[in-house]
Amino acid sequence: LIPGLINGHGHGRGLSDFQRGAIDNTLESWLWSTRNYTPISPYDDIAYSAARLMKSGVTTCMHNHLLVNPADYEREFDESLQAYKDAGIRVQFNPGIRNDNPFVYGDNKKFLSSLPDHLQRLLTTPPPIGSLNGDNFVKVVSDLHARYDNPMSKIGFGPLAPQWCTKELLVEIRRAADQLGAPIHIHALQSMFQKIYGLKSFGKTLIEYMEEIGFLGKGLTIGHCVWPTESDIELLAKTGTAVTHHPSCNLRVRNGIAPVAQMLQAGVVVGLGIDGKSINDDDDMIEEMKQCFLLHRITSLDLDSPYLTARQVFNMATENNSILLGYQGKLGRLEPGRLADMVLLNYQEMCHPFVDSSQDPIDTLLYRGIGRHVHTVLINGNIVVQDGKLQTLDEEMLEKRLVEQTSRPKTDKEKEFARANNEVRSHIVNYYKNWLKE
């Protein structure tokens, strides 16, 4: 029996980016291939994601929501939260926003003017009237918090990144979050190009920039944080800013390997998240722990040198993530008085045919465990998975609906849009070609 696992960072993707047609590549170019998807129901996608997480022992997740239809954000937020409620899983729901650097990091007007006319027309099409934007974002999320914030669904803010949000918006979000006692989750330093952007634009790292504008501090979690400097890590620890690590995602989109051991050693609270890009497209949190455990075994070439232990990784996915998601002292451990989020594993099958009894069970879990070893899952005392089978949602029906939605032929307009996006992608690659030399 273990405490419920917690996915510290995700986007509610039931169907992965690969399943929907994108091939993993470097972040700044890959993002443009994700614009070519055939639209699907947010409810079905999120419900299917929740189902797979729960079957791998996840009882709580963080969801940074990226809108499918910005003009219909109210209905989409309602549907998304209903999906989690129907699944019976806890969620920290953080709507996302970006209002700066829409195409590249830097001079977007200059970049836009360098493109052919037909691409300029595509990229300057105004959003529908009434869409979620930087001006109404804080009010919208504050209203959502008033309606939905409760022990099963915490509502927070999800500004996408310091390079994608203006200083004014970040300051407004921090002020509102402090007043509401709401969490903030942001992406930062995910790629080397983001690190370079901070140095080029502000003359300092993005971590230093966020500290300068008063954005760092308790209640803020930074997703990825692959490229911090040593002084950045000290700032994170000093201010109480937390981090989530996403090993499989960082490998798949070629970000690099975050200095997790160094951040933990400095006193930074580091959690673990799948980010919708698990190693097998299956949202298996046990496999994600294993990936983290193996990835960080080489911190030195000295014999018997320290490395990230199985118990440290397990702690990242349980107690550390409980802190990040606002459940400190309530989740993450099996103790009297904590909420009844628990997972029963088939340890006998995990050890088949033999594992020496001297092995730490947590080592055994991370060496040999997999999602199919999850037998029973309780969330808030309710059985949601039994004998490995989900009790709250009809997975087969969700799969059928998602397949019907995604397998329809693309319209001529969608095909034209995809061709244009692929053309823009080639200009994006050209824009960054000398950044690393600089």
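Our subject is the structure listed above.
Colleague: Help me get a handle on the overall build of the chain, residues and values and all.
Modeller: The secondary structure content of the chain amounts to 18 helices and 14 strands. Here the C-alpha radius of gyration of the chain, 21 Å, is about what a compact globule of 438 residues would show, namely 22 Å. Its C-alpha atoms give the chain principal-axis dimensions of roughly 70 × 50 × 45 Å. Contacts in the chain between residues far apart in sequence, at least 24 positions, make up 77% of those at least 6 positions apart. Working note: accessible area of the chain is about 19600 Å², and carbon and sulfur atoms make up 52% of it. Distance between charge centres in the chain, computed from 45 positive and 53 negative side chains, equals 3 Å.

Colleague: So what's going on with the layout of surface pockets? Which residues, and what values?
Modeller: Volume-wise, the second largest pocket comes out at about 390 Å³. Surrounding the second largest pocket, 21 residues form its lining, K218, G219, I323, L324 and G326 being those nearest its centre. Within the residue set of the lining of the second largest pocket, elements represented by two or more residues are strand 5 (153-155), strand 8 (220-224) and helix 14 (310-324). Of the residues in the lining of the second largest pocket, the class split is nine nonpolar, nine polar and three charged.

Colleague: Outline the nonpolar core, listing residues and values.
Modeller: F157, I222 and M289 are the most contacted members of the largest nonpolar core, which has 117 residues in total. At eight residues, helix 2 (residues 42-55) tops the list of elements feeding residues into this core. If you look at the next biggest cluster of nonpolar residues, it comprises seven residues, including I6, M62, A242 and L331.

Colleague: Any chance you could break down the packing of aromatic side chains for me, citing the residues and the numbers?
Modeller: One pass over the structure, following the stated rule, counts 15 aromatic pairs. In this structure, K154 packs its charged tip against the face of Y327, placed 4.9 Å from the ring centre. The ring of W435 is capped by K200, whose NZ or CZ atom sits 4.8 Å from the centre of that ring.

Colleague: For the pairing of strand 11 (residues 342-345), give the residues involved together with the corresponding values.
Modeller: Side chains of strand 11 alternate between two faces, with V343 and L345 buried and M342 and L344 left unburied. When strand 1 (residues 2-3) meets strand 11, the two strands line up antiparallel, connected through two bridges. Bridged to P3 within strand 11 is M342. As paired elements, strand 11 and strand 12 (residues 374-379) share four bridges and run antiparallel to each other. What sits directly across from V343, in strand 12, is V377.

Colleague: Go over a nonpolar patch on the surface, please, and point to the residues and values.
Modeller: Side chains of L1, L334 and L344 sit close together on the surface and give an oily, nonpolar patch of about 280 Å² of accessible area. In this structure, L1 sits in the segment before strand 1.

Colleague: So what's going on with empty space enclosed by the protein? Which residues, and what values?
Modeller: The full count for this structure, using the stated rule, is one cavity of 30 Å³ or more. Considering the residues around the largest cavity, the lining is formed by 15 residues, among which N7, G10, G12, S49 and L53 are closest to the centre. In the lining of the largest cavity, the residues fall into five nonpolar, seven polar and three charged.

Colleague: Mind laying out the packing of helix 13 (residues 285-295) against helix 14, listing which residues take part and the relevant values?
Modeller: As a packed pair, helix 13 and helix 14 sit with axes 9 Å apart at the nearest point and diverge in direction by 130 degrees. As the angle between them shows, helix 13 and helix 14 are arranged oblique. Note on packing geometry: the crossing formed by helix 13 with helix 14 is right-handed. Residues M285, M289, C292 and F293 of helix 13 form the contact with helix 14, whose participating residues are A310, V313, F314, M316, A317 and N321. For the contact of helix 13 with helix 14, the per-class residue count stands at nine nonpolar, one polar and no charged.

Colleague: Could you give an account of the sheet that holds strand 7 (residues 184-188), naming the residues involved and the relevant values?
Modeller: As summarised here, the arrangement of the four strands in space is 7-8-9-10, forming an open sheet in which the pairing is parallel. Single-partner strands in this sheet number two, and they are strand 7 and strand 10 (270-272). Averaged over all pairs of adjacent strands, the angle between strand axes in this sheet comes to 30 degrees, irrespective of strand direction. As paired elements, strand 9 (residues 242-245) and strand 10 share three bridges and run parallel to each other. Counterpart to T244 in the pairing with strand 10 is G271.

Definitions and limits used
Residues numbered from 1 in each chain as written. Predicted model: local features only at pLDDT ≥ 70, side-chain atom pairs only at ≥ 80, totals over all residues. Heavy atoms only, no water. Helix = DSSP H or I, 4+ residues; strand = E, 2+ residues; numbered from the N terminus. Rg over C-alpha atoms; globule rule 2.2 N^0.38 Å. Contact = heavy atoms within 4.5 Å. Areas by Shrake-Rupley, 256 points an atom, 1.4 Å probe, with all protein chains shown as cover. Lys, Arg positive; Asp, Glu negative; His and termini not counted. Charge placed at Lys NZ, Arg CZ, Asp CG, Glu CD. 1 Å grid on protein atoms, 1.4 Å probe; cavity = no way out; pocket = protein on both sides within 12 Å on 5 of 7 lines; lining within 4 Å. Points joined across faces, edges and corners; volume = space filled by probe spheres on them. Nonpolar A, V, L, I, M, F, W, Y, C, P; charged D, E, K, R; others polar. Core = buried A, V, L, I, M, F, W, Y, C linked by side-chain atoms within 4.5 Å. Buried < 20%, exposed > 50% of the residue type's maximum accessible area, 1.4 Å probe, protein only. Phe/Tyr/Trp six-rings, centres within 6.5 Å; stacked < 30°, edge-to-face > 60°. Lys NZ or Arg CZ within 6 Å of the ring centre and 35° of its normal. Pairing = 2+ DSSP bridges. Patch = residues over 30% accessible without salt bridge, like charges linked within 9 Å, V, L, I, M, F, W, Y side chains within 5 Å. Salt bridge = Lys/Arg side-chain N within 4 Å of Asp/Glu carboxyl O. Axes fitted to C-alpha atoms, helices over the stretch in contact; angles between N-to-C directions. Parallel < 35°, antiparallel > 145°, perpendicular 65-115°, else oblique. Left-handed = near helix turned anticlockwise from the far one by under 90°.

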